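Understanding the architecture of this molecule
So the chains spell out like this:
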Amino acid sequence: MDFRRNPNLDAFRQEVRAFLRDHLPAELAGRNSGVRSERAELVAWQRILNAHGWGAPHWPEEHGGTGWSLQQRLVFDEECVAVGAPTQDGFAQKLVGPVLNRFATPEQKAEHLPPIFTGTRLWCQGFSEPGSGSDLASLRTQAVRTGDHYVVNGQKIWTSYAHQADWIFLLVRTDPSVKKQAGISFLLADMRTPGITVRPIVSIDGRHHLNETFFDDVRVPVRNLIGAEGEGWKITKFLLNNEHASSADLPTLLRMLNRLKQLATQRAGRGALVERHVFALRLARYEAEVRAIAVMVQRVAAMEADNSPATHAMGSILKVRGTELQQKMSEFLVESLGDSGAVANTVAGQRSATCPDQTGDGHGLAAEMFFRRAATIYGGSSEIQRGIVAKTMFQF
Ligand SMILES: Cc1cc2nc3c(=O)[nH]c(=O)nc-3n(C[C@H](O)[C@H](O)[C@H](O)COP(=O)(O)OP(=O)(O)OC[C@H]3O[C@@H](n4cnc5c(N)ncnc54)[C@H](O)[C@@H]3O)c2cc1C
């Protein structure tokens, strides 16, 4: 592949920067601290993007998206994260949206796609269950067809942002008598349907991202079935195979690196941290690791179209390396705060009245350090990724 600078991509980066400078309101800037934005901010930003024709930056033009190349999408994500723009609804944009574009009927598309562009319908993902995470095909939530409805009973867990979502896409077992993968279907449900109960799980960072979601005799219209009954596993494989190049979350790594450099050059009182040899060495090492990942992301982006086992394996390597590096760098960020690190454990994006002595630097960093512990679990754990790499190696 060609590693020379691409002038078109440089021009595109300038275009994105100019857009962010002109259209990102000051009150929304700097609000993205590694977790999903609050609903009001996310919706406000989605409206601005949509008004500019960038409501679905990751989708092809024929589905109303920007039609950007993967390289352009990576640049867009990087620039948005660099200025702390609010996040978009990743479940809508990167998971259920592409599924709807590919598998939904015209009626389903007409119902569900416009609110994704306008940000008026937020989504959550109901896949994992107690006992069915890595081994997702073992899921037990049951949907029994009665006339023009499915009656759904069961429990989902770790349902991120279910408490803010308007709709859920979920996997259900419609046929317990066949091979486990063949008996799964893909349903959409309005979160206001009677029988759906959401209970919070507060995670180690002190925030409420996660939930348990219970289904008790929930009546879901058959018109909310995506694809045919029993096709849920095929659709899930499509959904999980999207965009291997983004699995390292390079924009987050670059944001952390920039924050480290800012911290390293501050602290005028006792001299800048970067003047200390051990600190400078460690920073240089992380920078080298981030740059290595950036090169690998380019390589995987170039391979993405062939969708081969090697691309999947490279995506898995990126996931393992990227998430491990996120963890190490977020720990280093907190260590860099020295004494302030101990009081920096406030909810990201909000100042804590109980820690009046915390420095601006430390704001939200410890919360993010704790949250990043989960990065090697969600989206497929590191052990599962290593298994994919090992299996691919055996094929060559
Ligand atoms: C922050 C966060 C957000 C999440 N958000 C969502 C969401 O919105 N919607 C949703 O549906 N799910 C969500 N999940 C769930 C996530 O997909 C699962 O946690 C993940 O798939 C692992 O499943 P599990 O937790 O059941 O662990 P298990 O699958 O039980 O794994 C337990 C341990 O065993 C290891 N292991 C399991 N199988 C193998 C194997 N074959 N080989 C080697 N080791 C193995 C795992 O790596 C892990 O260390 C989220 C999880 C987290 C942490």
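Parameters at a glance
Residue indices follow the written sequence of each chain, beginning from 1 at its first position. Selection of residues for local features in this predicted model requires a pLDDT of at least 70, selection of side-chain atom pairs for listing and counting requires 80 or more, and totals for whole chains, interfaces and linings are taken over all residues. Axes, fitted as lines to C-alpha atoms, cover a helix only where it is in contact. Angles between the N-to-C directions of the axes lie from 0 to 180 degrees. Labels follow the DSSP assignment, with helices taken as runs of H or I lasting at least four residues and strands as runs of E lasting at least two, numbered in each case from the N terminus. Crossing handedness follows the turn of the near helix against the far one: under a right angle anticlockwise gives a left-handed crossing, and clockwise gives a right-handed one. In this description, a residue-residue contact is defined by the distance between C-beta atoms placed from the backbone, which must lie within 7 Å. Residues are counted as near a molecule or strand when the C-beta atom, derived from backbone positions, lies within 6 Å of that molecule or strand. Residues are grouped as follows: nonpolar covers Ala, Val, Leu, Ile, Met, Phe, Trp, Tyr, Cys and Pro; charged covers Asp, Glu, Lys and Arg; every other residue, Gly included, is treated as polar. Marked domain ranges trace back to an automatic or database domain assignment. To sort residues by burial, count the other C-beta atoms lying within 10 Å of each one's C-beta; a count of 20 or more means buried, 12 or fewer means exposed, and anything in between means partly exposed. C-beta atoms are built from the backbone. At least two bridges found by DSSP between two strands are what make those strands a pair.

Notes on the packing of helix α3 (residues 70–82) against helix α7 (residues 250–265)
Taken N-terminus to C-terminus, the directions of α3 and α7 make an angle of 35°; their axes are 9 Å apart at the nearest point. Both α3 and α7 take part in a crossing whose hand is right-handed. Contact with α3, carried on its side by Leu-74, Asp-77, Glu-78, Val-81 and Ala-82, involves Leu-250, Pro-251, Thr-252, Leu-254 and Arg-255 of α7 and no other residues of that element.

So, the site of the ligand
In the vicinity of the ligand lie 17 residues, with Phe-127, Gly-133, Ser-134, Ser-381 and Glu-383 positioned nearest. When residues of the shell around the ligand are traced back to their parent elements, those giving at least two are β1 (123–126) and α11 (382–395). Ranked by the residues each element gives to the shell around the ligand, the list is headed by α11, at three residues. Of the residues in the shell around the ligand, the class split is seven nonpolar, nine polar and one charged. Two domains each provide a minimum of three residues to the shell around the ligand, namely domain 2 (123–230) and domain 3 (243–395).

With respect to the domain arrangement of the protein
Split into domains, the protein comes out as domain 1 (7–88), domain 2 (123–230) and domain 3 (243–395). With centres defined by C-alpha atoms, the gap from domain 1 to domain 2 works out at 30 Å.

Thoughts on the environment of Arg-140
Topologically, Arg-140 is positioned in the loop between β1 and β2 (142–146). C-beta crowding within 10 Å serves as the criterion here: with 14 such atoms nearby, Arg-140 is assigned to the partly exposed category. The spatial distance from the C-alpha of Arg-140 to the C-alpha of Pro-130 is 9.4 Å, given a sequence separation of 10 residues. Sequence-distant contacts of Arg-140, defined by excluding residues within four places in its chain, comprise Glu-129, Ser-132, Gly-154 and Arg-173.

Topic: the pairing of strand β7 (residues 210–221)
Sheet topology places strand β3 (residues 149–157) next to β7; eight bridges connect them, and they run antiparallel. When the sheet's bridge partners are listed, Gln-155 is paired in β7 with Phe-214. Pairing of strand β6 (residues 196–201) with β7, which is carried by six bridges, proceeds in the antiparallel orientation. Across the sheet, Pro-200 pairs through a bridge with Asn-211, a residue of β7.

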